[in-house]
Amino acid sequence: MDYTAVLAGREEPLEIYKIIGPALENVRILPDIVEPVYREASRMDDETLDRLRFALVRIQIHADIHRNEDLERAQQIKYVAQVLEKIIYGSLMIVHETDSE
């Protein structure tokens, strides 16, 4: 699946999605993209950072909605989005009680 559309929502895709998308496809490359994503995000203005955060939240929501189709895949996708959100923003916008336990 091409996750660029989910990341973008109704907006134009950001360049950083080209880095994030492959990690959503294959969670094993997440360690390799953490620093490039962080560095790219550190150069963004506040409005673009907001767009990125909502992109990561959209991916988490998408994973929750499709959880029953493929639980393992949904968990991997959500994990990537949550790790990146925590690294860039320091916390998660959406925290489920089961996530915090």
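In this report, we go over the structure that sits alongside the text.

## Some points on helix 2 (residues 17-25)
Given 3.6 residues per turn, any residue in an α-helix points the same way as the ones three and four places further on. Turning to helix 2, its buried residues are Tyr17, Ile20, Gly21, Ala23 and Leu24. Buried residues of helix 2, viewed axially, fall in a sector of 165°; they line one side. On its buried face, helix 2 is in contact with helix 1 (4-8), helix 3 (30-42), helix 4 (46-65) and helix 5 (71-89).

## Some details on the pattern of salt bridges
Summed over all chains, the structure comprises 6 salt bridges. Here arginine 39 ties to glutamate 35 by a salt bridge, and the two come within 2.7 Å at their closest N and O atoms. Taken together, the residues arginine 39 and glutamate 35, both in helix 3 and 4 residues apart, mark about one turn of the helix. For glutamate 35, a relative accessible area of 45% translates into the label partly exposed. We note a salt bridge from glutamate 40 to arginine 43, for which the minimum N-O separation is 3.2 Å. Here the residues in one salt-bridge network are Asp64, Arg67 and Lys78, joined through shared partners.

## Thoughts on a negative patch on the surface
Among the surface-exposed residues, Glu11, Glu12, Asp45, Asp46, Glu47 and Asp50 lie close enough to one another that they form a single negatively charged patch. Counting through the fold element by element, glutamate 11 comes out in the loop between helix 1 and helix 2.

The rules behind these values
Residues numbered from 1 in each chain as written. Predicted model: local features only at pLDDT ≥ 70, side-chain atom pairs only at ≥ 80, totals over all residues. Heavy atoms only, no water. Buried < 20%, exposed > 50% of the residue type's maximum accessible area, 1.4 Å probe, protein only. Helix = DSSP H or I, 4+ residues; strand = E, 2+ residues; numbered from the N terminus. Arc of directions from axis to C-beta. Contact = heavy atoms within 4.5 Å. Salt bridge = Lys/Arg side-chain N within 4 Å of Asp/Glu carboxyl O. Patch = residues over 30% accessible without salt bridge, like charges linked within 9 Å, V, L, I, M, F, W, Y side chains within 5 Å. Areas by Shrake-Rupley, 256 points an atom, 1.4 Å probe, with all protein chains shown as cover. Lys, Arg positive; Asp, Glu negative; His and termini not counted. Charge placed at Lys NZ, Arg CZ, Asp CG, Glu CD.

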